[in-house]
Amino acid sequence: MAKVFEKSTAFFETFERKPSMQKTTHYCPGCGHGTLNKIIADQVAELGIQDQTIYVGPVGCGVFIYYYFAGACASAAHGRASAVATGISRSNPDGIVVSYQGDGDLAAIGTSNAIHAANRGENMIVFFVNNNLYGMTGGQLAPTTLLGQKTTTSPNGRSEKNDGFPLRMAEMIGGLEAPTLVARVGVNNPKNIRQAVKVIRRGLEIQRDKKGYAFIEVLSQCPTNWKKAPQQACEWIDDVVCKQYPIGVIKDLADERAPLLRPREKANFAAVAKQLGLDCEVPVSSEDISLPSEEMHFKFAGFGGQGVLSLGMMMAKLSMQRNLEVTWLPSYGPEMRGGVANSSVVVSKNPIGSPVVAKPNVLIALNRPSLEKFGPLVPENGLIVYNSSLIDQVPTDLKGQVHALPATDLAAVAGTVKAANVVVLGFIARKTGMFDLAELEKFLGEIFEKPALLEINLKAVRAGWTA
Ligand code: SF4
């Protein structure tokens with residue numbers, strides 16, 4: 001039995017992915033998410049399924065579950081977690097797939113994704129966190145908002161005439177034939193938490209035994225947007241919320257269901273490419289290519305709008321054309337508020353274990369916050385290229401080989417400051433020795449169709465190459 005006051009072993013010991021505070025979560029004091037995370041982690045650890053479990057996070061207050069759960073995690077676009085979880089479940093039949101979604105995410109933006117995953121009876125467990133509003137974005141009305149409840153977008157309270165009735169997702173999903181387990185629990189008091197533990201364990205056992213789809217709606221307090229003290233918020237669930245959303249098991253067919261096994265299909269990529277009319281010429285063998293290190297970890301960082309995501313994408317596509325293994329991971333949205341958008345690109349001849357770039361061996365910093373944030377992470381044998389047109393102060397604790405590249409000025413001479421990222425592409429291609437100039441020019445010819453635009457970008461890449 002998990003010790004209630006101890007951190008679960010299914011959590012990371014320290015939350016290394018959470019740069020500001022590595023010991024605490026980002027949830028507000030008194031929020032129900034923290035309790036739910038703890039119950040899930042405890043049960044995953046107790047069932048010994050941690051190595052099989054793959055979490056899919058939403059957009060919403062649950063967006064950062066990958067900071068906390070020590071397991072494989074994927075982030076889905078808003079409302080798409082059930083669809084992403086379907087893909088993961090189908091391609092990993094031995095995995096245990098957890099989709100974690102809030103009410104804005106699942107019951108509004110992603111309703112169709114959620115319903116159809118349930119109706120197909122996918123092997124996955126879905127946690128639907130119902131706190132009656134959109135939490136992360138400041139407390140707007142959600143489909144689950146109670147009649148009369150005031151939110152930032154229903155200041156006079158929800159009215160059925162204007163907004164319809166609160167959506168009872170568990171009852172809707174429970175009405176479908178395919179789901180194996182459908183229940184509603186609460187995390188607002190010890191009695192409800194004890195019941196939630198049992199139901200969540202049951203749902204995870206169903207996943208372990210491959211018995212199909214489980215949906216657990218979790219009534220969760222949001223003291224911040226409800227504008228209540230944590231204790232009042234917990235009481236409000238008992239006194240008001242449960243009247244609209246009664247707690248209990250709506251459907252449990254686990255004992256009568258057989259395992260649902262879907263064999264993984266082998267993809268025929270050549271047939272798919274032919275169907276799409278893509279060029280199927282035999283790619284260059286990656287064996288013939290030399291990389292400066294076995295696995296190249298690029299970090300491209302700057303302000304949103306400086307083209308750092310497309311710069312990463314260009315590096316990824318060029319590498320793919322050479323038949324190398326590639327991952328491209330953009331970072332923006334909630335993480336952009338500090339002024340830094342970035343993309344991580346990993347390039348290798350071998351399969352890549354993780355798309356995360358924690359210690360870049362090539363850093364491109366187009367603005368000062370990026371250089372200050374990522375520069376110290378580059379090791380001694382790494383390469384740091386910074387945009388000296390915009391950065392006039394360089395941190396003193398940099399270990400890597402530092403190059404000042406006036407990318408914006410060179411791009412302006414080429415025709416537009418927007419081509420600064422292409423200047424950088426030319427520079428790093430030469431510095432790393434990964435691509436030659438003719439290859440870059442051919443590549444730009446494929447992506448810029450308008451002659452005038454192509455001309456500017458060819459000038460920009462040559463300026464970077466010769467800088
Ligand atoms: S806004 Fe609400 S749901 Fe989001 S973390 Fe804070 S209390 Fe929790």
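No experiment lies behind these values; they were computed from the predicted model shown.

1. Re the overall build of the protein chain
Stage number 1. When helices and strands are counted, the protein chain shows 17 helices and 15 strands.
Stage number 2. Whereas a compact globule of 467 residues would reach a radius of gyration of roughly 23 Å, the protein chain reaches 25 Å, a difference of no more than 12%.
Stage number 3. Taken along its principal axes, the extent of the C-alpha atoms in the protein chain is 70 × 50 × 45 Å.
Stage number 4. Sorting the 467 residues of the protein chain into buried and exposed places 49% on the buried side.
Stage number 5. Restricting to contacts in the protein chain with at least 6 residues of sequence separation, those with at least 24 account for 66%.
Stage number 6. When the accessible surface of the protein chain is summed, it comes to about 22,000 Å², and 55% of that surface belongs to carbon and sulfur atoms.
Stage number 7. Looking at charge distribution, the protein chain has the averaged site of its 47 positive side-chain charges lying 4 Å from that of its 43 negative ones.

2. Examining the nonpolar core
Stage number 1. Counting residues in each nonpolar core, the largest one holds 42 residues, and the members touching the most others are Phe298, Phe300, Met315 and Ile364.
Stage number 2. When residues in this core are grouped by element, the largest group, 8 residues, is from helix 15 (residues 420–432).
Stage number 3. Counting 39 residues, the second-largest nonpolar core is a separate cluster that includes Ala10, Ala41, Ile65 and Val187.

3. Structural notes on the packing of aromatic side chains
Stage number 1. Overall, the coordinates contain 11 aromatic pairs when judged by the stated rule.
Stage number 2. With centroids separated by 4.8 Å and ring planes inclined at 75 degrees, the aromatic side chains of Phe15 and Tyr68 adopt a geometry described as edge-to-face. With Phe15 in the segment before helix 1 (32–47) and Tyr68 in helix 2 (residues 65–68), this residue pair connects regions lying 53 residues apart in the sequence. The exposure classification of Phe15 matches that of Tyr68, with both residues buried.
Stage number 3. Geometrically, the ring pair formed by Tyr27 and Tyr68 is tilted, given 5.9 Å between the ring centres and 50 degrees between the ring planes. One end of the pair, Tyr27, is in the segment before helix 1; the other, Tyr68, is in helix 2, with 41 residues separating them in the sequence. Tyr68 matches Tyr27 in its accessibility class, with the two residues each being buried.
Stage number 4. Put simply, the rings of Phe15, Tyr27, Phe64, Tyr66, Tyr67 and Tyr68 pair up and form one aromatic cluster.
Stage number 5. Note that Lys7 overlies the ring of Phe15, its terminal NZ or CZ placed 4.2 Å from the centroid.

4. Re the site of the ligand
Stage number 1. What surrounds the ligand is the set Tyr27, Cys28, Cys31, His33, Cys61, Asn131, Gly135, Cys222, Pro223, Thr224 and Asn225.
Stage number 2. Residues belonging to the shell around the ligand are distributed by class as follows: 6 nonpolar, 5 polar and no charged.

5. As for the sheet that holds strand 3 (residues 96–102)
Stage number 1. As summarised here, the arrangement of the 7 strands in space is 2-1-3-4-8-7-9, forming an open sheet in which the pairing is mixed. The outermost strands of the open sheet, each flanked by one partner alone, are strand 2 (72–75) and strand 9 (248–252). Ignoring strand direction, the axes of neighbouring strands in this sheet form an average angle of 15 degrees.
Stage number 2. Pairing analysis gives 5 bridges linking strand 3 to strand 4 (residues 125–130), with the strands arranged parallel. Its bridge partner lying in strand 4, Val98 is registered against Ile125.
Stage number 3. Helix 3 (residues 81–91) contacts strand 1 (53–57), strand 2, strand 3 and strand 4 of the sheet and is inclined by roughly 175 degrees relative to strand 3.
Stage number 4. Sheet strands touched by helix 8 (residues 190–208): strand 3, strand 4, strand 7 (181–186), strand 8 (214–219) and strand 9. Its angle to strand 7, the strand with the most contacts, is close to 155 degrees.

Conventions and cut-offs
- Residues numbered from 1 in each chain as written.
- Predicted model: local features only at pLDDT ≥ 70, side-chain atom pairs only at ≥ 80, totals over all residues.
- Heavy atoms only, no water.
- Helix = DSSP H or I, 4+ residues; strand = E, 2+ residues; numbered from the N terminus.
- Rg over C-alpha atoms; globule rule 2.2 N^0.38 Å.
- Buried < 20%, exposed > 50% of the residue type's maximum accessible area, 1.4 Å probe, protein only.
- Contact = heavy atoms within 4.5 Å.
- Areas by Shrake-Rupley, 256 points an atom, 1.4 Å probe, with all protein chains shown as cover.
- Lys, Arg positive; Asp, Glu negative; His and termini not counted.
- Charge placed at Lys NZ, Arg CZ, Asp CG, Glu CD.
- Core = buried A, V, L, I, M, F, W, Y, C linked by side-chain atoms within 4.5 Å.
- Phe/Tyr/Trp six-rings, centres within 6.5 Å; stacked < 30°, edge-to-face > 60°.
- Lys NZ or Arg CZ within 6 Å of the ring centre and 35° of its normal.
- Near = heavy atom within 4 Å.
- Nonpolar A, V, L, I, M, F, W, Y, C, P; charged D, E, K, R; others polar.
- Pairing = 2+ DSSP bridges.
- Axes fitted to C-alpha atoms, helices over the stretch in contact; angles between N-to-C directions.

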